[in-house]
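# Reading the structure
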Amino acid sequence: MTLKLGVPSKGRLMEKTFEWFAQHGITLSRNGSEREYAGSVEGIDGMSLVLLSAGEIPRELAAGRIHLGVTGTDLVQEKLPLWEQQVCPMEELAFGHADLILAVPRAWVDVDTLDDLDAVAAAFRARHGFRLRIATKYHRLVREYLRQGGVADYALVDSQGATEGTVANETAEAIADITSSGETLRANHLKVLSDGPILRSQATLWRSRVAELEDADRATLATFTARLG
Ligand SMILES: Nc1ncnc2c1ncn2[C@@H]1O[C@H](COP(=O)(O)OP(=O)(O)OP(=O)(O)O)[C@@H](O)[C@H]1O
Ligand SMILES: O=P(O)(O)OC[C@H]1O[C@H](OP(=O)(O)OP(=O)(O)O)[C@H](O)[C@@H]1O
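Residues numbered from 1 in each chain as written. Chains lettered and ligands numbered in written order. Predicted model: local features only at pLDDT ≥ 70, side-chain atom pairs only at ≥ 80, totals over all residues. Heavy atoms only, no water.

## Describing the pairing of strand β2 (residues 27-30)
- Burial along β2 is one-sided: the face carrying Leu-28 and Arg-30 is buried and the face carrying Thr-27 and Ser-29 is not.
- Sheet topology note: the β2/strand β3 (residues 39-42) ladder contains four bridges and is antiparallel. Residue pairing across strands places Arg-30 opposite Gly-39, the latter belonging to β3. (Buried < 20%, exposed > 50% of the residue type's maximum accessible area, 1.4 Å probe, protein only. Helix = DSSP H or I, 4+ residues; strand = E, 2+ residues; numbered from the N terminus. Pairing = 2+ DSSP bridges.)

Here it is as structure tokens:
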């Protein structure tokens, strides 16, 4: 057996993760072509690399199919209702910073807070005969946040990408998505509610609490942990 490390298979998150491991004397690389999802690890014995979608890493950690994984706090908390029992954060990696926020059309001048949204949601239902729609891929986190905020008159609409476009496309009245620079929100004429983000996320190195460790894996994990300082 080897200690299995799951890393995002593409984009910024993959590149930054490779850089972060390099700073700790561990060289991660993708085998063969850009399209091949196998990789290798140099600089530490007994560790192997698995390239995965960032969104699948939480589930693989929770199933114990990988021992370590890099992905955002947002994805772990969204995908794993019992995340604290299933995974443990080893290190925040100081990149991939993004806030999960609720945003409404900038033209809604009377709506700045969750309380305002609640009032508008009730009026919206009375007027249109259906609930105000919020587009998101973060169903669990958004439902929980709105429940705690006392907002009930809404319907979630699933959106797995280009979520900010759903308002202009008239498939939703509001959105909940991650934002970093804020540019996508601005470009789509949306404004963030002022109550503060639903969640602040960053790329984090997680350890599975359930993956089985053989003696050799335990030794590899100890060597790796010592490297992190
Ligand atoms: N603009 C951004 N700035 C910083 N971090 C971001 C940004 N967009 C996404 N992230 C973070 O990167 C991680 C991966 O996001 P996301 O699932 O959207 O990636 P993806 O490339 O679509 O991955 P997948 O392979 O699962 O489709 C998440 O933790 C998210 O918070
Ligand atoms: O605040 P900003 O810096 O503009 O970044 C936010 C955007 O980045 C992410 O999208 P991504 O580029 O991953 O594409 P997606 O819409 O397919 O998820 C996220 O879903 C936002 O749309």
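Structure's up, so let's keep going.
## Considering the nonpolar core
- The biggest cluster of nonpolar side chains holds 25 residues, and the ones touching the most others in it are Leu-102, Leu-114, Leu-117, Ile-134 and Leu-146.
- At the level of elements, β7 (98-105), α5 (114-128), β8 (132-136), α6 (139-148), β9 (154-158) and β10 (174-179) are the ones that each hand at least two residues to this core.
- If we ignore the near neighbours within four places in the chain, the residues touching Leu-146 are Leu-102, Leu-114, Ile-134, Val-151 and Tyr-154.
- Counting 23 residues, the second-largest nonpolar core is a separate cluster that includes Leu-5, Trp-20, Leu-221 and Phe-224. (Core = buried A, V, L, I, M, F, W, Y, C linked by side-chain atoms within 4.5 Å. Contact = heavy atoms within 4.5 Å.)

## Observations concerning the site of ligand 2
- Close to ligand 2 lie Arg-12, Gly-161, Ala-162, Glu-164, Asp-177, Ile-178, Thr-179, Ser-180, Ser-181, Gly-182, Glu-183 and Thr-184.
- One of the backbone N or O atoms of Ala-162 is found 3.0 Å from an oxygen atom in ligand 2.
- Contacts to ligand 2 include Thr-184, whose side-chain N or O atom sits 2.4 Å from an oxygen atom.
- Compared with its free state, where it exposes 490 Å², ligand 2 has 65% of that area covered by protein.
- For the shell around ligand 2, the element with the highest residue contribution is β10, accounting for three residues.
- Residues belonging to the shell around ligand 2 are distributed by class as follows: two nonpolar, six polar and four charged. (Near = heavy atom within 4 Å. Polar contact = N/O pair within 3.5 Å; in protein donor to acceptor, adjacent residues only side chain to side chain. Areas by Shrake-Rupley, 256 points an atom, 1.4 Å probe, with all protein chains shown as cover. Nonpolar A, V, L, I, M, F, W, Y, C, P; charged D, E, K, R; others polar.)

## Some points on a positive patch on the surface
- There is a patch of like positive charges on the surface, built from Lys-10, Arg-12, Lys-79 and Lys-137.
- Its location among the elements puts Arg-12 in helix α1 (residues 11-23). (Patch = residues over 30% accessible without salt bridge, like charges linked within 9 Å, V, L, I, M, F, W, Y side chains within 5 Å. Salt bridge = Lys/Arg side-chain N within 4 Å of Asp/Glu carboxyl O. Lys, Arg positive; Asp, Glu negative; His and termini not counted. Charge placed at Lys NZ, Arg CZ, Asp CG, Glu CD.)

## Thoughts on the pattern of salt bridges
- Counting across every chain of the model gives eight salt bridges.
- One salt bridge connects Glu-60 with Arg-59, and the closest N-O pair in it is separated by 3.9 Å.
- One continuous salt-bridge network, built from bridges that share partners, spans Arg-59, Glu-60 and Arg-65.

## Looking at the UniProt feature "domain: ATP phosphoribosyltransferase catalytic" (unreviewed entry) in the chain
- Here, the residues flagged by UniProt with the feature "domain: ATP phosphoribosyltransferase catalytic" (unreviewed entry) are residues 54-224.
- As a span, residues 54-224 carries 36% helix and 27% strand, and end to end its C-alpha atoms are 22 Å apart. (UniProt positions renumbered as here; feature names shortened; annotations may be inferred.)

## Description of the site of ligand 1
- If you check the shell around ligand 1, you find 15 residues, and the closest are Lys-10, Arg-12, Ser-53, Asp-74 and Ile-178.
- Take Lys-137: an N or O atom from its side chain is 3.2 Å from an oxygen atom of ligand 1.
- For ligand 1, whose accessible area on its own is 620 Å², the fraction buried by protein is 70%.
- Those elements giving two or more residues to the shell around ligand 1 turn out to be α1 and α3 (73-79).
- Per-domain counts for the shell around ligand 1 show at least three residues from each of domain 1 (3-97 + 202-228) and domain 2 (98-200). (Domains from an automatic or database assignment.)

## Description of α1
- Compared with an ideal rise of 1.5 Å per residue, which puts 13 residues at 18 Å, α1 spans 19 Å between its outermost C-alpha atoms and is within 8% of the ideal.
- Restricting attention to buried positions, one finds in α1 the residues Met-14, Thr-17, Phe-18, Trp-20 and Phe-21. Seen from one end, α1 has its buried residues packed into an arc of 165°, which puts them on one side. In α1, the exposed positions that point more than 90 degrees away from the buried face belong to Arg-12 and Gln-23.
- A positive backbone phi angle near 75° is found at Gly-25, which sits one or two residues after α1. (Expected span 1.5 Å × (residues − 1). Arc of directions from axis to C-beta.)

## Points about the sheet that holds strand β5 (residues 68-72)
- Read across the sheet, five strands follow the order β4-β1-β5-β13-β6 without closing on themselves; strand pairing throughout is mixed. Sheet topology places β4 (47-52) and β6 (87-92) at the edges, where each strand pairs with a single neighbour. Averaged over neighbouring strand pairs, the angle between their axes works out to 30° when direction is ignored.
- Packed onto the sheet, α1 meets β1 (3-8), β4, β5, β6 and β13 (203-208) and runs at close to 135° relative to β1.
- The sheet strands contacting helix α9 (residues 215-228) are β1, β4, β5, β6 and β13, and the helix crosses β6 at an angle near 35°. (Axes fitted to C-alpha atoms, helices over the stretch in contact; angles between N-to-C directions.)

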